[in-house]
Number of protein chains: 4
Amino acid sequence: MKYQHAPRGWNSWDCYGASVTEEIVRKNAAYMAEHLRQYGWEYIVVDIQWYEPTADSHTYHPFAPLCMDAYGRLQPAENRFPSAAGGKGFAPLAAYVHSLGLKFGIHIMRGIPRQAVHQNLPVFGTDITAREIAKTDSICMWNTDNYGIDPTKQGARAYYDSIFRMYADWGVDYIKCDDIAREFPHAKEEMQMLSDALHDCGREMLLSLSPGPAPVEQAEFLKSVANMWRITDDFWDQWALLYAMFERAEKWCIHTGANRWPDADMLPVGAILQDYGKENRTKFTTDEQMTMMTLWSIFRSPLMIGGELTMLDDFTTSLLTNERILAMHEKARHAHPLWRRNIAGNEIIAWAAASTTGESYLALFDCGELPCELTLSSDDLEMERITAAENLWTGARAAVQDTLAVSLQPHSAAVFALR
Amino acid sequence: MKYQHAPRGWNSWDCYGASVTEEIVRKNAAYMAEHLRQYGWEYIVVDIQWYEPTADSHTYHPFAPLCMDAYGRLQPAENRFPSAAGGKGFAPLAAYVHSLGLKFGIHIMRGIPRQAVHQNLPVFGTDITAREIAKTDSICMWNTDNYGIDPTKQGARAYYDSIFRMYADWGVDYIKCDDIAREFPHAKEEMQMLSDALHDCGREMLLSLSPGPAPVEQAEFLKSVANMWRITDDFWDQWALLYAMFERAEKWCIHTGANRWPDADMLPVGAILQDYGKENRTKFTTDEQMTMMTLWSIFRSPLMIGGELTMLDDFTTSLLTNERILAMHEKARHAHPLWRRNIAGNEIIAWAAASTTGESYLALFDCGELPCELTLSSDDLEMERITAAENLWTGARAAVQDTLAVSLQPHSAAVFALR
Amino acid sequence: MKYQHAPRGWNSWDCYGASVTEEIVRKNAAYMAEHLRQYGWEYIVVDIQWYEPTADSHTYHPFAPLCMDAYGRLQPAENRFPSAAGGKGFAPLAAYVHSLGLKFGIHIMRGIPRQAVHQNLPVFGTDITAREIAKTDSICMWNTDNYGIDPTKQGARAYYDSIFRMYADWGVDYIKCDDIAREFPHAKEEMQMLSDALHDCGREMLLSLSPGPAPVEQAEFLKSVANMWRITDDFWDQWALLYAMFERAEKWCIHTGANRWPDADMLPVGAILQDYGKENRTKFTTDEQMTMMTLWSIFRSPLMIGGELTMLDDFTTSLLTNERILAMHEKARHAHPLWRRNIAGNEIIAWAAASTTGESYLALFDCGELPCELTLSSDDLEMERITAAENLWTGARAAVQDTLAVSLQPHSAAVFALR
Amino acid sequence: MKYQHAPRGWNSWDCYGASVTEEIVRKNAAYMAEHLRQYGWEYIVVDIQWYEPTADSHTYHPFAPLCMDAYGRLQPAENRFPSAAGGKGFAPLAAYVHSLGLKFGIHIMRGIPRQAVHQNLPVFGTDITAREIAKTDSICMWNTDNYGIDPTKQGARAYYDSIFRMYADWGVDYIKCDDIAREFPHAKEEMQMLSDALHDCGREMLLSLSPGPAPVEQAEFLKSVANMWRITDDFWDQWALLYAMFERAEKWCIHTGANRWPDADMLPVGAILQDYGKENRTKFTTDEQMTMMTLWSIFRSPLMIGGELTMLDDFTTSLLTNERILAMHEKARHAHPLWRRNIAGNEIIAWAAASTTGESYLALFDCGELPCELTLSSDDLEMERITAAENLWTGARAAVQDTLAVSLQPHSAAVFALR
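Within each chain, residue numbers correspond to sequence positions counted from 1 in written order. A letter from A marks each chain and a number from 1 marks each ligand, given out in the order of writing. The predicted nature of this model means local features are confined to residues of pLDDT at least 70 and side-chain atom pairs, given and counted, to a pLDDT of 80 or more, with totals for whole chains, interfaces and linings taken over all residues. Side-chain metrics in this entry use all non-hydrogen atoms of the structure; hydrogen atoms and water are not considered.

Participant: I would appreciate a short explanation of the interface of chain B and chain C in the present structure.
Facilitator: When the parts come together, some accessible area is lost, and that loss is often what is quoted as the size of the interface. Should any heavy atoms of two residues lie within 4.5 Å, those residues are considered in contact. Facing the 28 residues of chain B at the interface are 28 residues of chain C. Counting each side, the surface lost to burial between chain B and chain C is near 2,400 Å², with a carbon and sulfur contribution of 44%. The buried area of a pairing is the accessible area, by a 1.4 Å probe, that goes missing from both parts when the two are put together, added over both. It is B:Ile254, B:His334 and B:Glu382 in chain B that bury the most area against chain C; as a group they hold 31% of the surface buried on that side. What makes a salt bridge here is a side-chain nitrogen of Lys or Arg within 4 Å of a carboxyl oxygen of Asp or Glu, nothing more. There are six salt bridges connecting chain B and chain C. Residue B:Arg300 pairs with C:Glu382 through a salt bridge whose shortest N-O separation is 2.8 Å. Polar contact criterion, stated in full: a pair of N or O atoms within 3.5 Å, where within protein one must be able to donate a hydrogen and the other to accept it, and residues adjacent in sequence count only if both atoms are side-chain atoms. Counting the contacts that link chain B with chain C gives 16 residue pairs in polar contact (both at pLDDT 80 or more). No other element matches the seven residues that strand S12 (residues 332–343) of chain B contributes to the side of chain B that touches chain C. Secondary structure follows DSSP: runs of H or I at least 4 residues long count as helices, runs of E at least 2 residues long count as strands, and numbering of each begins at the N terminus.

Participant: What am I meant to see in the sheet that holds strand S19 (residues 413–418) of chain B here?
Facilitator: Residues and elements named next belong to chain B. Think of it this way: DSSP has to see at least two bridges between two strands before they count as a pair. Here six strands make up an open sheet; going across it, the order is S12-S13-S14-S19-S16-S17 and the pairing antiparallel. Of all the strands in the sheet, just S12 and strand S17 (397–399) have a single pairing partner and so form its edges. Neighbour-to-neighbour, the strand axes of this sheet turn through a mean angle of 20 degrees, independent of strand direction. Of the pairings in the sheet, the one linking S12 to strand S13 (residues 346–355) comprises nine bridges and is antiparallel in character. Across the sheet, the residue bridging to isoleucine 343 is asparagine 346, located in S13. Angles here are taken between N-to-C directions and fall from 0 to 180 degrees, while the axes themselves are lines fitted to C-alpha atoms, restricted in helices to the stretch in contact. Across the sheet, helix H9 (residues 239–252) is in contact with S12, S13 and strand S14 (360–366); its angle to S13 comes to roughly 40 degrees. Strand contacts of helix H10 (residues 286–298): S12, S13, S14 and S19, with the helix running at about 145 degrees to S14, the strand carrying the most contacts.

Participant: When you look at helix H9 (residues 239–252) of chain C in this model, what are you seeing that I'm missing?
Facilitator: Side chains three or four residues apart in an α-helix point the same way, a direct result of the helix having 3.6 residues per turn. A helix is expected to reach a length of 1.5 Å times the quantity of its residues less one. Relative to the 20 Å expected for 14 residues at 1.5 Å per residue, H9(C) spans 20 Å between its end C-alpha atoms, a close match to the ideal helical length. Partly exposed describes any residue whose relative accessible area lies between the buried limit of under 20% and the exposed limit of over 50%, with all areas from a 1.4 Å probe on protein chains only and scaled to the type maximum. Taken together, the buried positions of H9(C) are C:Trp239, C:Leu242, C:Met245, C:Phe246, C:Ala249 and C:Trp252.

The following block contains the structure:
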């Protein structure tokens, strides 16, 4: 699949947890098509437990009965996704999303439903049963839906083939598989089975692996099986988590690009309607949000919006539609941290990248608690000389002579295209 | 419960794995009553998966349907235990064992049947359901029968109460609970719940915890909740495993006694009719069996015979009925290793113990591959002087003058009562 | 060497650090001979840096010039030990100590003086030089006197032979070698060289290794090379250190006896005239001192008094001369902790031992902060029955019927001989 | 100091160990000036123990007397460096090297000579003595020359100041300090003292820290105190060491540039006259040498020739003077590994970098044991499109259309400038 930039989209998790509905998905898709598509935002992703009829929050109901066909394949709960009635699965919803010029993604759990195993259901198109391929010692630590699949069993891949072909029939473009990205070594062979089943299913889809932190020692393997993998556990709107992402991005920066994207997780911006917390708006300051968007973009992380799109405010819209920042998200190459320095009591972090257009990108982050004035030489920036600087957030351009002067507020970022 | 010595009995696992039947149990009980009871052997224990109708070997059938009452309490499979018909459970078999002057034990798995959880069965005598108390991230790594019970859930102990009261009604004297003794820290509170349920059930029973190795750091806790706990993974008839037991016994020796017994596991002697292996007789030499019986006895481990009793040969009978060795199993106090020395190319291990009768016990083990002649002084043996030595295996008595001369064959033991 | 009990004596460290003088040693020896010898106290030990003329406290003077003969053998500083004048070394002082019916010990550091190495002095009686056998990467982390000796070098043992023969000529009875007991694996071969040199020097001496904690995994090796080895770093008069000794003693208890003594370190009792601290008397309460003396005695640790003997007060004298406690220090066998229990909010620790006289010893320690009343059954104490109890500290005897009632104050101990 | 590229030079270690002489240094300097200087090679470095008169090989003489002035400052051994006679130190030799248009470097050990400490010499220009600032527990594990300096002592830096001012007087341009780069945390403050003393000495010098591996967690600190630091232990002409450098370079690649160079160590090429080994020529094949030179250059490691310059053969000369490779060593930016892939049974490693001239560099390495044909797309190479490729080793240029075909021999490299 030819890519232009790391995937950009919207995912239902931050706002709706396990309980998103078709109505919400359609509403957000329509908004994206009208307001964000022209900026490269295109994925609409239904997150976890769309097959659980009683889901009502971010909290799972352990051992709740799941909607499932006669072959142990989970189906959208019709009370939540009415268009799935009559065994049509997500096909109607995917068709709607496609009709808007967008792409459609779903979340799955690694493995096979425990219900299918205990009922010993047959695997579609085979004479294998669920009980024969379930891995007896493999469960998710935080969700009771599935057992893992045992790669040593004959026909182990058959169940994954059966679901990926169904997803292909539905028109799915993106699979976010959970309980897997950090589960080394025991789930490594399941990642390979997933990848193989996806490639043989007859439809191009992106494969995204969660949750992190995926181990960097497995970078080459992950690049060979998936398009995205989380480098962190769930990310929320807290400065400590944002600050920690600098270290994670540093570890992974040499591995990004070419349709293989280390994933810094969703952007908790705008209205986050999560059920556990009284605050409905992101707790990040505007400076912190620009810091996040700068780091994610120079690092070329996938960008998945967590806020309810129909409630986007002007600032958040400007954050997500700055064309210069989004161009860096597309054009940056070889990004990496240049240094971390203590300057006047603040930790200042600098990142640099080349660009496919011949410029150099430079991002500066004030991770301290004080404002800071910086004067940086070409040596500080690993450049031979500097003649011009464009501020990507503001668009301001200036001629410079080998010295760049920058003012930073606490937790803020500045980012430039330098010549 | 007043004890005389660590429990002695027979357990079905070594010979019959998951597939023992009532007929076999009765036959072994009858043999024990007639031939072994007078030597203190008294427990008859039905090991794992008596509730699995299709069990046919040491190998489990993952996710197989289990016999269970309407409250999620497992019941003997009637095709294997006919006297259980009509909901009588193990009561008839226990009554038979009691009628022989013996005691009756059963094996259970930690937790609550997965089938009860997925069916959301009620817990007997409560308005709690199985789904409400199952611990979502707690499974056994090698058996699919149960989920663990979550001690943080309201009414968590109710299921354990419900089964222990049923076992009390049946007349059970001994519970061997599996998937628990080494499962620290996550199963620690389940051990406490088990112990509390047992103490409140209205009948005295011994509680035995498996499999090992239990962590020695938890010795005081284990002494507070159980009567026996395994200090090793399953023990079989291999010299390497027997040799390793010296180190395990060394770690645990200061913690044994007073009805709290670190457990070195079963004695794989005589006819071991296990299904996975062509050899039907123990692979231990007679010297090795005497080494094992000597170590287990001075260490005061529980003694559970693994071989089929009705096929006992003369040597094995003599091994199990030596009155001087069994007296040491009862009378030894403060046993511990004295030293490990390299003598003429062999590792010789010495253990010493006091006796409630005023003698000192001394056991010597040749763990090397060569015969060895030892001449030991009173200093070597931590005694002020030595005037008489009785060889416990042979009964030979000798006057000595502060020096003990001993000949050992490879893998053999000698053990003395010294004055 | 035939032993009766673990060594008992006095050591100059607690009071005088690196700066003890002959006058002080003679004064303490005379006092011991007159007041303590009849209780088995017999060793007088001169601790570290008797060869450093300017030593004046517990603090070392790095790289200070040391008194040394032409063969790199350290000699007593004559300004501190006048009788050493004329090259007589410690021979006159040892003769004096022997004249009192006592034994004489000295402290040494592992290795060979750095001064001898840098000056490349010859090793006595050989054509080897100091530079040839010094281990280039082996120094003490806290003292600059010596380099280690490299066991791979030809003639490595020659220096140790040269000093042990000199010590034998002087009449030394006890060597406390420092910077060695916990220095595994790199100093293991030096321990062997030390032991071999001692055994070949022509005089019986005890070998004591410091500082701890020696690793319990090396127990058999230590038993083969030394008579005593420290199980702890330096011990001082603080409850936290005393409490920690219960765990150390538990780890080592099965390894004590027969002239091989795990060593819990000196008794900081009475007047401790150390230079760094304003308190001149032990900070232990009388209860804590009895706890210490009880644990050291049932565990059979060496007993080395740290206080200035000529300033002994009545309580301390009674502590050190209780004949029943000292009998236990001699007669106990197979001592070990029985249990640690939380009783009424206190941690109560019980130790048991057999006795060569047929009784059982029982020690009870209240390690909590509250008084505690205990009522213990024969089962609690691993006994078949109890008919009589003698309180070892008070001498009170009582008939009992299988139940022992004991009152304990915080940090106090009670200890009984039971029949 | 303005830099063009990472330092390039010659160092005496590989050929001469601890025993290089002035004659050898002059001969190599003259050769470099005539044949290599125009390619950017400029440093002539005298490695370890130039102050040891009896040094005769790569093996040190432990505790050997060293040449030293009255202030504990080591001086060149006049029997090896005659121009140092009369207390002139390295000034005459440095002047000669400068007269050739080259720069002069020397090796030092962290710390202060043990001889100065044991003799308690004064520190030049102060009233401090060596004994007062030596760190008592700090030695080198493999060389007995020095003690470390204790940063907590008053006047600790004075000795470093005294030697750096002497080096500045001599005209030294480059200090390679040993026993320090991997010695965290205990030598961290000594690195700071070294750096501070160097910056205050009145002459610009490069500071190089050895041996590795320096810990990557200390990257920012190392960038703040030194110009180069070793990322590996000593590197020699063995494929296993060369292969391992890919991983080390991967860890460090984001930290190189701007006069702060992670150092992959010397180039063992040409005639390596080392005393321990029968082979006098590098054991690397020509392919392996080109692999090494390619990796060192794209990674921008310092380049220090280990072979005797006057014996350079034609191949080695061509290896060291390829202008396109040396341009990459200067112009590469943001270099990093792209991927490691198993292709037809070989591990193929790809590295990419931007260039200050607008091209992209691509290096391909066959780390397997078989030849390999590669066909790579623009996506494989993280490029938008590819239109032209210049083979840097051969100079061959070719037009391409988004696909690059490459043949590789085992252990060989190919490297391109792509447009």
